[in-house]
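# Results of the structural survey
Residues per chain, in single letters:
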Amino acid sequence: MTSRNATANEHNLVYGESAHELLRALSKNRGQTTASGMVEIDLTLSSEEASPLIRALMRAEARLLLDEAAAFGPDTALRTPEERGCDAFVEIVTSLSNALG
């Protein structure tokens, strides 16, 4: 998956939200690796902290859904909503990293 760095501009916006606010929210994570090798991330945020992250996730998911619609064909494998949500999260983290250098 390629990063949509166009969502980060000179004002450090990532999917329409302040990169610094998103970083503040994401820095409150507790992650752990499960026995199967998957990573679980737990975020406990106030509504003020969560709002920018939720809006950015919604925009990233919408972008991914639009990309899927544009590429749809008879043999296209569609993502599940859970897969799209995870991919949106990765997209935000990647774009955030690019925005903040």
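Residues numbered from 1 in each chain as written. Predicted model: local features only at pLDDT ≥ 70, side-chain atom pairs only at ≥ 80, totals over all residues. Heavy atoms only, no water.

What follows deals with the pattern of salt bridges. Per the counting criterion, the structure on display carries seven salt bridges. In this structure, the salt-bridge partner of Asp-42 is Arg-30, at a minimum N-O distance of 2.5 Å. With Asp-42 in strand β4 (residues 39-43) and Arg-30 in strand β3 (residues 29-33), the pair connects residues that are 12 residues apart, well separated along the chain. Classification of Asp-42 as partly exposed rests on a relative accessible area of 34%. Salt bridges sharing common partners tie together Glu-68, Arg-79, Arg-84 and Asp-87. (Salt bridge = Lys/Arg side-chain N within 4 Å of Asp/Glu carboxyl O. Helix = DSSP H or I, 4+ residues; strand = E, 2+ residues; numbered from the N terminus. Buried < 20%, exposed > 50% of the residue type's maximum accessible area, 1.4 Å probe, protein only.)

With that out of the way, let us pick up the pairing of β4. Of the strand pairs in this sheet, β3 and β4 are connected by five bridges, and their pairing is antiparallel. Residue pairing in the sheet places Asn-29 in a bridge with Leu-43 of β4. The hairpin formed by β3 and β4 contains five residues between the paired strands, and Gly-37 there has a positive phi angle of roughly 95 degrees. (Pairing = 2+ DSSP bridges.)

What follows is about the confidence of the model for the chain. Looking at the chain, pLDDT values average 88 and 90% of them are 70 or higher. Contacts from residues 1-10, a stretch scored under 50 in pLDDT, to residues over four places away or in other chains number 25 contacts. (pLDDT = per-residue confidence, 0-100. Contact = heavy atoms within 4.5 Å.)

Over its 25 residues, helix α2 (residues 47-71) extends 35 Å from the first C-alpha to the last, a length consistent with the 36 Å expected when each residue adds 1.5 Å. On its buried face, α2 sits against β1 (13-14), β2 (17-18), α1 (19-26), β4 and α3 (81-100). (Expected span 1.5 Å × (residues − 1).)

Within the element layout of this structure, Ser-97 appears in helix α3. Under the relative-accessibility criterion, Ser-97 is labelled partly exposed at 47%.

On the secondary structure map, Glu-17 appears in strand β2. Polar side-chain contacts of Glu-17 include one of 2.7 Å to the side chain of Arg-59. With near-sequence residues (within four places) excluded, Glu-17 lies in contact with Asn-12, Leu-22, Pro-52, Arg-55, Ala-56 and Arg-59. (Polar contact = N/O pair within 3.5 Å; in protein donor to acceptor, adjacent residues only side chain to side chain.)

With that settled, consider α1. Residues three or four positions apart in an α-helix share a direction because the helix packs 3.6 residues into each turn. Of all the residues in α1, the buried ones are Ala-19, Leu-22, Ala-25 and Leu-26. Burial along α1 is one-sided: seen end-on, the buried residues are contained in an arc of 125 degrees. Buried positions along α1 lie against β1, β2, β3, β4, α2 and α3. (Arc of directions from axis to C-beta.)

A few words on unusual backbone geometry. Note: most residues except glycine have negative phi, and most peptide bonds are trans. Even without being a glycine, Tyr-15 presents a positive backbone phi close to 50 degrees. In this structure, Tyr-15 sits in the loop between β1 and β2. The exposure class of Tyr-15 is buried, given its relative accessible area of 4%.

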